[in-house]
Amino acid sequence: MSIWAYILSTLQAAIPAGTPLLYGTLGEITAERSGVVNLGVEGMMIMGAVTAFGVSLATGNVGIAIIAAALVGGLLALIHGFASINLRVNQVVSGLALTMLGQGISGIIGKQFIGMPPRAQLKPVPIPGLSDIPVLGPLLFQHDLLAYIALLLVPVLWFLFYKTRWGINLRSVGESPATADAMGVNVFQVRYLAVFFGGLMAGIGGAYLSIVYTPAWIEGMTAGIGWIVIALTIFAMWDPVRGLLGAYLFGSMRVLQYRLQDLGISPPLLNMLPFALTILVLMLSAGEAIRKRLGAPAALMQPYTREER
Amino acid sequence: MPHVTVPAVEMRGIVKRFPGIVANDHIDLTVRAGEIHALLGENGAGKTTLMNILYGIYHPDEGEIFVKGQRAHIRSPRDAIRLGIGMVHQQFRLVPSHTVAENIALGLPGHFFFPDRAVRQRLQEFARRYGLHVDPDARIWQLSAGEQQRVEIIKALYRGADILILDEPTSMLTPREIEELMTTVRRMADEGHTVIFITHKLDEVFAVSDRVTVLRQGKVVAIRETARTDKRELARLMVGRDVLFRLEKRPVTIGPTVLEVRNLRVRSDRGLPAVRGVSFSIARGEILGIAGVAGNGQRELVEALVGLRQVEKGRVLLNGEDITNRSPRDLVRRGICYVPGERLVGTVPNLSVAENLILKTYDQAPICRGVFLDTQAIASHADALIEQYAVTTPSRETPLKLLSGGNIQRTILARETSGAPVLLIAAHPTSGLDVGATEYIRQVLLSQREKGTAILLVSEDLEEIFQLSDRIAVMYNGEIMGILPANQADLERIGMMMAGVHRAEPEVV
Amino acid sequence: MNTWPRIRLEKRSDTPHWLSRVTPGLSVLAALLVIAVIFGLLGVNPWIAYARILTGAFGSLYGLSETVTKAIPLMLAGTGLAVAFRARVYNIGAEGQLLIGAICATGVALFIPGIPDELRLPAMFLAGALGGAVWALVPAVLKARLRIDEVLTSLMTVYIASELVNYLVYGPWKGPSEWGFPYTDKFPLAAQIPRIGMTRIHYPTLILALLAAVLAYILVQRTRWGFEIRVTGENPEAARYAGMNYLRTAILVMALSGALAGIAGVGEVAGIHYRLRYPQGISPGYGFTAIIVAWLARLNPLGVILTSLLIGGLLVGGDAIQLAMGLPSATVYLFNGMILLFVLSGDLFTRYRIRIELPERVSVLVRQEREEVR
């Protein structure tokens, strides 16, 4: 294989590899923009994965499977929402608890699915016309529907964040909930919606794993993707467009890990990169000026309460 | 039957309890449509609580609210806004990293899209009608306090507020900005808006209001037409006694210089110059009062002196020895003590009274032996100070947060002044305290002076400054406008300097 | 008008002593109840499962010994976390520090020749403690120097450590005698921690763990460093103003918790497996489970002794139902997650009073009913 074809095929494979990351990241960015960190992504994803696989087995319908996975992810997120928004418990620990919960329940539910072949799969849908363009065609326009939707969600979310009232409300709740509250924004509602959306996205990301990327159920099949999502959210500095770049970058690393192994580069070293890079990004953006422009939402991890004295 | 206009706001029998106190105790308040109504009272009298109830931030435990004659259930600010009520809080409710336009659009009902063009249009209109100029693209953190306040007022007007609550609106402003604000408020009233003006400053009541309701310790004590009352009466009503206490200030022979500050420069949190070349000195047994509107560099000056903030340039000498940029611990050891105004800064609310009393001596004998704390020594130390400073507490093991504000401040004073300090720095030591506690604390400062401590007193309360100081300095925009001996200082000169207008002859150091 | 009942939280001005005592226990019970419901829904008989867990963990000498064995790493890591959390330094990277401890011990056990046999184990413990401490210092220094939140960085370091273990056992340290498994070679006898009889209780580590818990308690309650930790945790602003060095306190508690987690890692490789293996083979998430242990103990190091035994028992019981009822190994996570969630939420009842406000219409109805009764 020529080097050129090699790079191209790597990039082409990076999109499906990056798609679950992208779903999770877009959801987590939204949740964190409202001020709620949800470290339960790994748990929500694996629940999404097992739900999608189970439902597709039962119904043979991919669409229903994906919707079910999204809802299960959203439902789990609501548990975290209740704990962190209403009960004001430590968001970090509550998210960790959610991850454990997801891992546990998915393991029990999924035991019956181990080794079963999938009944339904999502096939690639080449986009007529566009997919015939040389280079770009196979790279961008020969994927499955979910990959396209993820791609489309990026500009949609960007627009929502920056050009709509809803986005201003969301970002303000994450920056200064007291201000948003004083302006009549329902802080709790905004946070719940954002956290719920985060769960939906994580659920879909999980579904993508079990019915598209590796069409099967394997216990613990998310294998840390949820944690990469957490890293990516920071890496992207809470911006959907940078989230897209990051997701495909980290996605291509996942692809490369198998390819570079032949060249003698150890996969674990490559797997380390997302986490190491995230710490690096945090260090580089630690300056006051950058922090004001790009930094974490000011009220991140802070529960909001109105009546306290 | 005579024509009676319906009051804009009527609050009846409002009761609000917080753990340990009754903030509002059966308050009745009537605000007529189109008037400027001052809500006067000392800190802690319950003014802000009452208005937070009207604005839906707190829910009253008892009582009814009528807005424009209709019984209103205000469960959230959203309800209040719907009823045409707007509130400008003392601490601005703005998102610092967002633009002015984004802040104005926040929480607006209506279209899905960000109403960029509409916001710009309305901004121009407000500039024309009320003289409220502000750049829609500026980010909040880049604006001055006065400009931020303008954004707050515009926010309320934008939402159609015809009843506007201003909570201590002048506390962060320069005199010029205050003047502009008063003009705006009058113009708004002329246009038919109702304004409720919360303040504890008598001058402002007379400068702007039509009627005034006076609150004291959570109760309404009087309602007056502003034109038919005078400062003396209002002061008596507000404080609850005829004249403010006269403290006995014995003459003290001023000793040698203790603290000398030379050309000090300090930056603010934002990295801007906050203290810009300040020089002064304080001698043994002397109180130097620093007056000025908050936010003119006092905080940064004090923090630099106690080691909490980096000195950029200049020198600080204690008894002739250079102590510039020493650590807080080193400064504590040298006898510099600090009574902060925000009591949360100097205390650990969840720890016991006894533990709070050893906050600065926990690593020294007899409290600490080797690395171990001596429980017995801590207990006897606490018992002694609790008695000496008459701290009212169930026991020395009670968490400090359960004490009243006055007793918390006593605890701080006990800790700070019991060790024969060389230099005592008190920043707004009586803010938010009741009269009794205030008097006690001023008394302690004076007795420290008699013991030969050099004292730096930073206060916004001019009365406090005049009562206690031997010399008075005024800070404006990071500089000292002048230092006057107390007997030569009068309200007018100090006031001019606070406004940055008049610069007294620089004192020869 | 609002037609839904409102749930409001009111801050308590004082917490009754008994309440803070009983809430952790009640929280665990509530969690077990909810798990029972989930089990029921999944077609598992919860009562049989619980009986198995109980007998599995505490019903036999073997079960008890396994419970103690699993409690060792939890006690070590949990003690460190309790101290760190007291200072409000949220080290959630204990899992990574544990793995680094395991790596360092393995390095000393297999790759440093010339250490006398009787010094081999002490050297391993020392290396593990140092390794864990240094690993924990990364987030500590980033926090102290650059004000980067330690929660996320310490979490990131877990996965870096985990991949580092993978790298070693699949790469340079892969044992030639291990049939292609991702293991290192077996430790020499001098590098194996002695056990009690036929059990897997590696008692020197157990003694270290108990000692650590007691000493940590004394540290927090009775020393000036402990005072600094408590003040820093309650009000960092006051700590700074009292001349306490935040940097030093943060680094101290991070290093301490890292070192204890590191020792836990040493115990696992040198007391249980006698080799370094893939990360999940060394620790099924002890570092994360230790967070539950610390929280359940209300951040009291002495309490950690008790709660680590409790959670250790749960882990053993989880293994027991796996075998007996055909449940997957992940079942244990369900317990962990649910208990953590409930303990967290239960904590709330000690700080807040819960008030349910009926909607006005309902309360009017209630009032009317009362009047009618009269």
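A quick note: this is a predicted structure, and the numbers were derived from the prediction, not measured.

### Here we look at empty space enclosed by the protein
Residue and element names in this part refer to chain B.
Move 1: Per the stated rule, a full pass over the model turns up four cavities of 30 Å³ or more.
Move 2: By volume, the largest cavity amounts to about 70 Å³.
Move 3: Only α10 (328-333) and β16 (336-339) provide two or more residues apiece to the lining of the largest cavity.
Move 4: By residue class, the composition of the lining of the largest cavity is eight nonpolar, no polar and one charged.

### Focus: the interface of chain A and chain B
Move 1: Taken together, the contacts link 27 residues of chain A with 36 residues of chain B.
Move 2: When chain A packs against chain B, the two sides together hide about 2800 Å² of surface, and 58% of this comes from carbon and sulfur.
Move 3: Where chain A packs against chain B, one counts one salt bridge.
Move 4: Ionic pairing is found between Arg171(A) and Glu102(B), a salt bridge with its closest N-O pair at 2.8 Å.
Move 5: Linking chain A with chain B are eight residue pairs in polar contact (both at pLDDT 80 or more).
Move 6: Looking at the side of chain A that touches chain B, the elements with two or more residues in it are α6 (145-163), α7 (165-175), α8 (177-182) and α13 (288-294) of chain A.

### Some thoughts on the domain arrangement of chain C
All names here are of chain C.
Move 1: Per the domain assignment, the segments making up chain C are domain 1 (1-44 + 328-374) and domain 2 (71-299).
Move 2: At the interface, twelve residues of domain 1 touch six residues of domain 2.
Move 3: Across the domain 1/domain 2 interface, buried area totals approximately 820 Å², and carbon plus sulfur atoms make up 66% of it.
Move 4: Where domain 1 packs against domain 2, one counts zero salt bridges.
Move 5: Taken together, the links from domain 1 to domain 2 amount to one residue pair in polar contact (both at pLDDT 80 or more).

### Some details on the sheet that holds strand β10 (residues 219-225) of chain B
Residues and elements named next belong to chain B.
Move 1: Strand order in the open sheet made by the six strands is β6-β7-β8-β3-β9-β10, with mixed pairing throughout. What marks the edges here is a single partner per strand, and that holds for β6 (85-88) and β10. Within this sheet the neighbouring strands show an average axis-to-axis angle of 15°, counted without direction.
Move 2: Bridge count between strand β7 (residues 163-167) and strand β8 (residues 194-199): five bridges; the pairing is parallel. Bridge pairing in β8 places Leu-166 opposite Phe-197.
Move 3: With respect to the sheet, helix α5 (residues 145-158) is in contact with β6 and β7, its orientation differing from that of β6 by roughly 170°.

### A closer look at the nonpolar core
Move 1: If you look at the biggest cluster of nonpolar residues, it comprises 236 residues, and the most contacted ones within it are Leu39(A), Phe39(C) and Met124(C).
Move 2: Among the elements that take part in this core, helix α9 (residues 187-213) of chain A stands out by supplying 14 residues, more than any other.
Move 3: Beyond its immediate stretch of four places on either side in the chain, Met124(C) contacts Ala105(C), Val108(C), Ala109(C), Phe187(C), Ala191(C), Val266(C) and Ala270(C).
Move 4: With 44 residues, the next largest nonpolar core counts Cys337(B), Ala354(B), Tyr362(B) and Cys368(B) among its residues.

### Topic: the sheet that holds strand β21 (residues 471-476) of chain B
All names here are of chain B.
Move 1: The strand order across the open sheet formed by six strands is β16-β19-β20-β13-β21-β22, and the pairing between neighbours is mixed. Looking at the sheet topology across the chains shown, the edges are occupied by β16 and β22 (479-485). Each neighbouring strand pair of the sheet contributes to a mean axis angle of 20°, computed without reference to strand direction.
Move 2: Direction of pairing for strand β13 (residues 287-291) relative to strand β20 (residues 454-458): parallel, over a ladder of four bridges. Considered in β20, the bridge of Leu-288 is made with Leu-456.
Move 3: The sheet contacts of helix α13 (residues 405-417) involve β16 and β19 (423-427), and relative to β16 the element is tilted by about 175°.

Calculation criteria
Residues numbered from 1 in each chain as written. Chains lettered and ligands numbered in written order. Predicted model: local features only at pLDDT ≥ 70, side-chain atom pairs only at ≥ 80, totals over all residues. Heavy atoms only, no water. 1 Å grid on protein atoms, 1.4 Å probe; cavity = no way out; pocket = protein on both sides within 12 Å on 5 of 7 lines; lining within 4 Å. Points joined across faces, edges and corners; volume = space filled by probe spheres on them. Helix = DSSP H or I, 4+ residues; strand = E, 2+ residues; numbered from the N terminus. Nonpolar A, V, L, I, M, F, W, Y, C, P; charged D, E, K, R; others polar. Contact = heavy atoms within 4.5 Å. Buried area = accessible area lost by both parts, 1.4 Å probe. Salt bridge = Lys/Arg side-chain N within 4 Å of Asp/Glu carboxyl O. Polar contact = N/O pair within 3.5 Å; in protein donor to acceptor, adjacent residues only side chain to side chain. Domains from an automatic or database assignment. Pairing = 2+ DSSP bridges. Axes fitted to C-alpha atoms, helices over the stretch in contact; angles between N-to-C directions. Core = buried A, V, L, I, M, F, W, Y, C linked by side-chain atoms within 4.5 Å. Buried < 20%, exposed > 50% of the residue type's maximum accessible area, 1.4 Å probe, protein only.

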